[in-house]
Amino acid sequence: MATTEAEVADLATGAASTATQVEKSQLTRSRVRAAWLFLAPMLILLVMVAGWPLFRTIWFSFTDANLSDLSNAKYIGFENYLAYNDGEWYGVLADGEWWNAVWNTLKFSVISVTLETILGLVVALVLNASFPGRSLVRAAVLIPWAIPTIVSAKMWSWMMHDQFGILNHMLMGIGLISTPLAWTASPDLAMTAVIMVDVWKTTPFMSLLILAALQMLPTDCYEAARVDGIHPVRVFFQVTLPLIKPALMVAVIFRLLDALRIFDLIYVLTSNSKDTMSMSVYARQQLVDFQSVGYGSAASTLLFLTVGLCVVLYMTFGRVRFDGR
Amino acid sequence: MKRLFGWIAFYALVAAIILYSVFPFYYAIVTSLKAGSQLFSVEYFPTTWNWDNYVSVFREQPFAYNLLNSVLVSSAVVALSLFFGVTAAFALGRVQFRGRGLLLMTVLGVSMFPQVAVLSGMFELIRGFGLYNNLLGLVISYMIFTLPFTVWVLTTFMRDLPKELEEAAIMDGANPWEIIVKVFMPLMWPALVTTGLLAFIAAWNEFLFALTFTLTNTQRTVPVAIALISGASQYELPWGNIMAASVIVTLPVVVLVLIFQRRIVSGLTAGAVKG
Amino acid sequence: MKNSKPVGLFVSMLFGAALCGAGAAHAAKISISCGAVGQEYEFCKTGAEAWAKKTGNEVNLVSTPNSATERLALYQQLLAAGAPDIDVFQIDVVWPGILGNHFIDLAPFAKDVVKNHFPAIIQNNTIDGKLVAMPWFTDAGMLYYRKDLLEKYGAKPPQTWQELTETAKKIQDAERKGGNDKMWGFVWQGRAYEGLTCNALEWVASYNGGIVVDKDGKITINNPQAAAALDTAAGWIKTISPEGVLNYTEEEGRGVFQSGNAVFMRNWPYAWPLAQGPESAIKGKVGVSALPKGGADGRSAAALGGWQLAVSKYSKNKELAADLAVYLTSTEEQKRRAIKGAYNPTIESLYKDQEILAAAPFMGELYDTFVNAVARPSTVTGAKYNQVSNEFWNAVYSVLSGKAKAADSLAQLEGSLKRMSRGGKW
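Treat the numbers as computed from the prediction; the structure is a model and nothing was measured.

Visitor: Would you mind going over the overall build of chain B in detail, with residue names and values included?
Guide: A count of helices and strands for chain B gives 13 helices and zero strands. Starting at the N terminus and ending at the C terminus, chain B contains elements arranged as α-α-α-α-α-α-α-α-α-α-α-α-α. Considered along the principal axes of its C-alpha atoms, chain B spans approximately 70 × 70 × 30 Å. Across the 275 residues that make up chain B, the buried fraction comes to 63%. Long-range pairs, those at least 24 residues apart, make up 73% of the contacts in chain B with a sequence separation of at least 6. Here chain B has roughly 10,200 Å² of accessible surface; of this, 69% comes from carbon and sulfur atoms. Each charge sign in chain B was given a centre, from 15 positive and 12 negative side chains, and these centres are 8 Å apart.

Here it is, written out as structure tokens:
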């Protein structure tokens, strides 16, 4: 957050540069008061809807709660996380399946978010250019995002059916493959299939946010660049990309958050298969299918911590890497 | 010559993007016009024009109600999140105060929890407020995923707006609310419409909360209604009906995009303001 | 307890009157969850409304998701919160152990009719001496085959899995040579989900390999017959079954079979009217038989499926709700549903009913299959059933996908089940 703090400090001094010290501090104080006033409704609402469920989940993660009788939950400390008993390790952290799920999720998130960012940028740049029929293209691009996930996942699983799916039919038609592939069944392909559908589904999210950023850029830099005769590719990397970076970063964070919590797509497409099981699928299996609310809550809390860690890493890493503003 | 080549390449790209985005949807339309065993064969173009699936979607359940519910819930979610989002974004993006970074991270933290883990706590909350089987309950619970997102995106955009504008308004004696409404809002249309659309679609497509927090068919939203479409027997998948329903669900969103797309591309490029 | 019942009724009536004032004259409203939309919903609706008319009450049908896992999750959510919104629940045959705590004992309401139902299902629905659900209709795995292809190549419906493998291979190869290169021998449900547990249980049980956990809670799965059964099944992948079968549920498999691209299919009875439907590519070319035996000394085993009706203990009108459940599972209702919707009755005498046999002939032919269907070990493992089933299908899946040897996989499964059950005590 360092850059933003500096910016705003900059702004505040700028705004008050013509005023006296006394007026400045008064102004700042009234602005801060207004800020809290504006924040209050949002915060109250968030605490209301998120506070209780989050607190409850974290509390349950330290108990032996079971879905069939939640009121009898007993505090058991960290046993759901890790416990040593009769020469064997128990708990989420000692479960190979959990680590398999963590690894699957990370792999999925990195690959799909990277692909979505690149494709989203390309689509946004195309939509940013003006050409006839642009409005229709814009609507068309949003369609994948507009179809409910449970439906699009089923739709793709039908299209990827090894025997009568249209995907194999097309690929065989143009000669890319000679025998039908078992997209969602083969252990090697299942993850690819999930990523493929996810990229298809969420690229519009990225491109729309990037497009908004592109649309809000000041035009004078471009004019200057055009006058100087700089190659468009260089303009993109040296002017556009740094300028849209803050918006891009936020778009990527939210995609990353969603990707790390991916659930319904994998659940519908490949069910509980180990090859694609994500952290959320694991947590849900424990919470709902196995009714172990305590253990599942521990998995959820760990998922929360993992996601948090990824975001913190991403933000530190991201700032160090491209802070060229 | 070079220019012509550029144009061809550009339109090829446009065509590829359209094909990639729309083909599965197109295939859904083709499928929705099929009946019975035809489903199990690959066809690139509709061979029969069988509208039965569309008719039965509306006949077998209160699908019109479900559509209306979805529209109501999503619109309310968008209105609320944009309102809270803009005010919060002003505070977080343009005012310096202690604990701002922490607040932003806390808001983000809310969207780090898996939905399944929040579900049962939320269920108790909704029942506690007496909002079970009530659309208002859905609106409130959807805030958990739309609000962090709108706050963050709007904060980023708000922060990058030129400061001279605000200074001028402060000089004119405008209070913060006036600054938001008169100075920033007009400049933020692309961001507002974009986040609004994304929030709308997110609420429109939400399934798990909608399934758990509503009970009667007339209170349910469209994704749940689609999930409830079943065949004659337990295992049979009424594919034609599901596809027909999906096509119907997607259309309002497309219309919405067409209506609002002018606003996605306006803002600074259209205005004379420069940073 | 019996003596106090009228008193209780009286008290609850007083209470009801006190609560809603003049409401005593009002009829109660019972909410029942069954089916979603479509035919299943229609049948439930007509049945429930007939009851409402007869007793002067009201019924309210609540649609729940078609997918069994989603339905279970929703039920668990409602029941864990003690919500009185649904009075009568339609539950899967493996759920009594999982949800049993939340349901009332139906035995007092159905004591005259319990003996008419299949004993195996009644036993399945009895948890700790409590009859938590009334059987409504039953399901069992069966073998579908292409009559025309079998005749063409002079083959008989297979008696053992070995015969099935050979016949499937022979016909598949011949048909592919004849031009249909999409032809496969056998399709079934191989996705990592409950359906695979049913399929695998049928193989194992047909080789006399037990049912994973026996009725005393002993873990029996690690035996050579079970390993042989799984090895046989693993041998089908890519030879007579496509690799994609590892992600097939019922409908994907039916798609392949019904478009004429498979010789055999393992599926539930629901596929019968569809395969014989007017638009089916294989109309009139389909035969059904019991599933093959595991070798000469094996037996034919079909997994028991089907649905029950249970009454929530959080219901505000338990007695009426129980009355509705008993009414819907009665002989007359089951007969109506069997004739009009081909739902398999759970009442033995109905399998000799001429009207039913005329409407759905396979019910007579496969009577033994339905009576002797093998229940999944859901009663003995209780709330842990889903976990057991999950471990089982994962173990089977890794054998089928070639990642593990059957013997190793089963030994490992035994270990994890032992740990889960604390040495078979569950």
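Visitor: An account of the overall build of chain A is requested, with residue identities and associated values reported.
Guide: A count of helices and strands for chain A gives 12 helices and two strands. Starting at the N terminus and walking to the C terminus, you meet the elements of chain A as α-α-β-β-α-α-α-α-α-α-α-α-α-α. Principal-axis analysis of the C-alpha atoms places the extent of chain A at approximately 70 × 60 × 35 Å. Counting over 325 residues, chain A shows a buried share of 58%. Counting every atom, chain A has about 13,500 Å² of accessible surface; 66% of that belongs to carbon and sulfur. Positive and negative side-chain charges of chain A, numbering 21 and 23 respectively, have mean locations separated by a distance of 10 Å.

Visitor: I'd like a description of the packing of helix α4 (residues 134-146) of chain A against helix α1 (residues 2-32) of chain B, backed by residues and values.
Guide: Geometrically, a packed helix pair is captured by the angle between its two axes and the distance between the axes. Contact geometry for α4(A) and α1(B): axes closest at 8 Å, N-to-C directions at 45°. On the basis of the axis angle, α4(A) is oblique to α1(B). Relative to α1(B), α4(A) is oriented so that their crossing is left-handed. Between α4(A) and α1(B), the residues in contact are A:V137, A:A140, A:V141, A:I143 and A:P144 and B:V14, B:I17, B:I18, B:S21, B:V22 and B:F25, respectively. Residue composition of the contact of α4(A) with α1(B), by class: 10 nonpolar, one polar and no charged.

Visitor: Could you give me a rundown of the sheet that holds strand β2 (residues 58-62) of chain C, with the residues and numbers involved?
Guide: Residue and element names in this part refer to chain C. Pairing is mixed across the open sheet formed by five strands, whose spatial order is β2-β1-β3-β11-β6. Among the strands making up the open sheet, the edge pair consists of β2 and β6 (134-140). Going from strand to strand, the sheet's axes swing by 20° on average, the running direction of each strand aside.

Visitor: Give a detailed account of the interface of chain A and chain C, specifying residues and quantitative values.
Guide: Between chain A and chain C, the contact holds 30 residues from the first and 31 residues from the second. Counting the surface lost from both chain A and chain C, the interface buries some 2,700 Å², and carbon and sulfur atoms represent 47% of this. Joining chain A to chain C, the criterion identifies one salt bridge. A salt bridge links C:K403 to A:D275; its shortest N-O distance comes to 2.6 Å.

Visitor: Explain the domain arrangement of chain B to me, using residue names and the numbers behind them.
Guide: Residues and elements named next belong to chain B. If you check the domain split of chain B, you get domain 1 (2-40) and domain 2 (56-274). Spacing between the C-alpha centres of domain 1 and domain 2 amounts to 28 Å. Both faces considered, domain 1 and domain 2 share a buried interface measuring about 530 Å² in area, 87% of it formed by carbon and sulfur atoms. At the surface where domain 1 touches domain 2, the tally comes to zero salt bridges. If you look at where domain 1 meets domain 2, you find zero residue pairs in polar contact (both at pLDDT 80 or more). The class makeup of the residues in the side of domain 1 that touches domain 2 is four nonpolar, two polar and no charged.

Visitor: Any chance you could break down the environment of A:T202 for me, citing the residues and the numbers?
Guide: Residues and elements named next belong to chain A. Relative to the helices and strands, T202 is located in helix α7 (residues 187-215). C-alpha of T202 to C-alpha of W145: the two residues are 57 residues apart in sequence and 6.0 Å apart in space. Discounting residues that sit within four places of it in the chain, T202 has contacts with E116, W145 and R255. A polar contact of 2.9 Å, which involves the side chain of T202, links it to the side chain of E116.

Visitor: Can you break down the state of the cysteines residue by residue, with the values?
Guide: All names here are of chain C. Throughout the structure, instances matching the rule amount to one disulfide over all chains. The side chain of C34 participates in a disulfide bridge whose partner is C44; the two sulfur atoms lie 1.8 Å from each other. Taking the sign of the torsion about the S-S bond as the criterion, the disulfide between C34 and C44, at about -80°, is left-handed. With C34 in the loop between β1 (29-33) and α2 (38-55) and C44 in helix α2, the pair connects residues that are 10 residues apart, well separated along the chain. Overall, C34 belongs to the buried group, its relative accessible area being 1%. Residue C44 is classed as buried on the basis of its relative accessible area, which comes to 0%.

Visitor: Quick one: what's the story with the nonpolar core, residue by residue and with numbers?
Guide: Counting 353 residues, the largest nonpolar core has B:F63, C:W203 and C:I221 as the members making the most contacts within it. Tallying contributions element by element places α7(A) first for this core, with 17 residues. What C:I221 contacts, discounting residues up to four positions off in sequence, is C:V204, C:V212, C:A226, C:F392, C:L410, C:L413, C:E414 and C:L417.

Visitor: Which residues make up the pattern of salt bridges, and what values do they have?
Guide: Residue and element names in this part refer to chain A. Scanning the model with the defined rule gives 22 salt bridges over all chains in all. With a shortest N-O distance of 4.0 Å, K274 and E97 are connected by a salt bridge. Taken together, the residues span a long stretch of sequence, with K274 in the loop between α10 (264-270) and α11 (279-289) and E97 in helix α3 (residues 96-128) at a distance of 177 residues. We classify E97 as buried; its relative accessible area is 17%. Here the residues in one salt-bridge network are E116, D198, R255, D258 and R261, joined through shared partners.

Visitor: Just give me the short version of the side chain of C:N261, but keep the residues and values in it.
Guide: Here C:N261 shows up in the loop between α10 (250-258) and β9 (262-267). Filtering out sequence-adjacent residues up to four positions away, C:N261 remains in contact with C:N180, C:K182, C:M183, C:W184 and C:V256.

Visitor: Which residues make up the sheet that holds strand β10 (residues 286-289) of chain C, and what are the values?
Guide: All names here are of chain C. If you walk across this open sheet you meet the four strands as β8-β9-β7-β10, and the pairing is mixed. The strands lining the two open edges of the sheet, one partner per strand, are β8 (184-187) and β10. Shown here is a sheet whose adjacent strand axes are inclined to one another by a mean of 15°, direction ignored. In this structure, strand β7 (residues 142-146) lies alongside β9, joined through four bridges in antiparallel fashion.

Visitor: With reference to specific residues and values, describe helix α18 (residues 385-400) of chain C.
Guide: Helix length check: α18(C) (16 residues) gives 22 Å between terminal C-alpha atoms against 22 Å at 1.5 Å per residue, within 8%. Counting buried residues along α18(C), 15 of its 16 residues qualify, which places the element largely inside the surrounding structure.

Visitor: Give a detailed account of the environment of A:L142, specifying residues and quantitative values.
Guide: All names here are of chain A. Tracing the chain through its elements places L142 in helix α4. Classification of L142 as buried rests on a relative accessible area of 2%. Considering only alpha carbons, one finds L142 and S186, 44 residues apart in sequence, at a separation of 30 Å.

Visitor: Account for the environment of B:Y132, naming residues and giving values.
Guide: With respect to the secondary-structure elements, B:Y132 resides in the loop between α5 (115-128) and α6 (135-159). Along the backbone, B:Y132 and B:V57 are 75 residues apart, and their C-alpha atoms lie at a distance of 26 Å.

Scoring rules and cut-offs
- Within each chain, residues carry numbers counting from 1 in the order of the written sequence.
- The order in which chains are written sets their letters, starting at A; the order in which ligands are written sets their numbers, starting at 1.
- Totals for whole chains, interfaces and linings use every residue, but because this is a predicted model, local features are given only for residues with pLDDT of at least 70 and side-chain atom pairs only at 80 or more, for both listing and counting.
- Only hydrogens and water are set aside; all other atoms, that is, all heavy atoms of the structure, feed into the side-chain values.
- What counts as a helix is a DSSP run of H or I of at least four residues, what counts as a strand is a run of E of at least two, and both are numbered from the N terminus.
- The buried label applies to any residue whose accessible area, calculated with a 1.4 Å probe on protein chains only, is under 20% of its type's maximum; exposed applies above 50%, and partly exposed to all values in between.
- By definition, residues are in contact when any of their heavy atoms lie within 4.5 Å.
- Calculation of accessible area relied on Shrake-Rupley with a 1.4 Å probe; when residues are assessed, cover is drawn exclusively from the protein chains displayed.
- Note that His is not counted, nor are the chain ends; the positive residues are Lys and Arg, and the negative ones are Asp and Glu.
- Think of each charge as sitting on NZ of Lys, CZ of Arg, CG of Asp or CD of Glu.
- Here an axis means a line fitted to C-alpha atoms, over the contact stretch when the element is a helix, while the angle between two N-to-C directions is reported on a 0 to 180 degree scale.
- Comment on the angle field: the value is read as roughly parallel under 35 degrees, roughly antiparallel over 145, roughly perpendicular from 65 to 115, and oblique elsewhere.
- When the near helix sits turned anticlockwise from the far one by under a right angle, the crossing is termed left-handed; a clockwise turn instead gives a right-handed crossing.
- Residues were grouped as follows: Ala, Val, Leu, Ile, Met, Phe, Trp, Tyr, Cys and Pro as nonpolar; Asp, Glu, Lys and Arg as charged; and all remaining residues, including Gly, as polar.
- Any two strands are treated as partners once DSSP identifies two or more bridges connecting them.
- Once two parts are joined, some of their accessible surface, as seen by a 1.4 Å probe, is lost; buried area is that loss totalled over both.
- Each reported salt bridge corresponds to a side-chain nitrogen of Lys or Arg within 4 Å of a carboxyl oxygen of Asp or Glu.
- For the purposes of this description, domain bounds are those given by an automatic or database domain assignment.
- The term polar contact refers here to a pair of N or O atoms within 3.5 Å; inside protein, the definition further demands a hydrogen-donor-capable atom paired with an acceptor-capable atom, and it admits residues adjacent in sequence only when both atoms are side-chain atoms.
- Cysteine sulfur pairs qualify as disulfides if the two atoms are within 2.5 Å.
- The criterion is simple. A nonpolar core is a set of buried Ala, Val, Leu, Ile, Met, Phe, Trp, Tyr and Cys residues joined through side-chain atoms within 4.5 Å.
- What a helix should span is 1.5 Å times the count of its residues minus one.

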